[in-house]
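Listed below, chain by chain, are the residues.
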Amino acid sequence: MIRHPRAVLALALLGSLAGCGLFRGTPEERSVTIDLAVSRSEAVRRTLTTFREEGYAVRATLTSGSQPETEPFKQGDAEAVFRATISGSAATSRVVLAGTYRRKQLGGIVQSGEHEVRNSDDPIERALWSRLQQIALAIRHP
């Protein structure tokens, strides 16, 4: 016979919560945020210049000033796109860098669904995350 049914119930409840992801730990980072003591227009200039200097072609869109994005580029067996969201005022600004990628399979014939670039242990995501951090460093210290 169980002497402490409440203790058993509590342990079972904790086990089920861990299985649901409540105690999974911190989520993986999905963006790199840069706070700058420069105007929004200077942050836009820095971001566009950095994208180009790092070898990325910038896609021309109606929002390419405040939300520039790169043309797709290859990283291993994946094709990726980086995006920046720029906000701010005349004195301060914030640049948020993120990206997405698709894995190519079966010799490039089939592409997987779109995935967010995360700071994870996956080799492709790790390489893309490093690229995002390099861009952030170049924007922060032109």
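First things first, this report covers the structure right here in the doc. No experiment lies behind these values; they were computed from the predicted model shown.

Quick notes on the rules
- Residues numbered from 1 in each chain as written.
- Predicted model: local features only at pLDDT ≥ 70, side-chain atom pairs only at ≥ 80, totals over all residues.
- Heavy atoms only, no water.
- Helix = DSSP H or I, 4+ residues; strand = E, 2+ residues; numbered from the N terminus.
- Buried < 20%, exposed > 50% of the residue type's maximum accessible area, 1.4 Å probe, protein only.
- Polar contact = N/O pair within 3.5 Å; in protein donor to acceptor, adjacent residues only side chain to side chain.
- Contact = heavy atoms within 4.5 Å.
- Core = buried A, V, L, I, M, F, W, Y, C linked by side-chain atoms within 4.5 Å.
- Axes fitted to C-alpha atoms, helices over the stretch in contact; angles between N-to-C directions.
- Parallel < 35°, antiparallel > 145°, perpendicular 65-115°, else oblique.
- Left-handed = near helix turned anticlockwise from the far one by under 90°.
- Nonpolar A, V, L, I, M, F, W, Y, C, P; charged D, E, K, R; others polar.
- Phe/Tyr/Trp six-rings, centres within 6.5 Å; stacked < 30°, edge-to-face > 60°.

1. Quick look at the side chain of S120
- The residue S120 is located in the loop between β8 (115-116) and α3 (123-140) in this model.
- In this structure S120 comes out as buried when scored by relative accessible area, which is 8%.
- Side chain to side chain, S120 and E125 meet in a polar contact 2.4 Å long.
- S120 has contacts with E28, E125 and R126, leaving out every residue within four places of it along the chain.

2. Quick word on the nonpolar core
- If you look at the biggest cluster of nonpolar residues, it comprises 27 residues, and the most contacted ones within it are F82, V95, L97 and L128.
- Going through the elements one at a time, β1 (32-36), α2 (40-53), β5 (78-88), β6 (93-105) and α3 are the ones with two or more residues in this core.
- In contact with L97, other than residues within four places in its own chain, are R30, S31, V32, I34, F51, R83, A84, L132, I135, A136 and I139.

3. Quick notes on the packing of α2 against α3
- Running from amino to carboxyl end, α2 crosses α3 at an angle of 130°, the nearest separation of the two axes being 9 Å. Between α2 and α3, the interaxial angle falls into the category oblique. α3 is crossed by α2, and the crossing has right-handed handedness. Here R46, T47, T50 and F51 of α2 lie close against α3, whose contacting residues are I135, A138, I139 and R140.
- Among the residues making up the contact of α2 with α3, the classes are represented as 4 nonpolar, 2 polar and 2 charged.

4. A look at the packing of aromatic side chains
- Counted under the stated rule, the structure contains 4 aromatic pairs.
- A centroid spacing of 6.4 Å and a plane angle of 75° characterise the contact between F51 and Y56, whose relative ring orientation is edge-to-face. In this structure, F51 and Y56 share a single accessibility class: buried.
- Members of the aromatic cluster, joined through ring pairs, are F51, Y56, F73 and F82.

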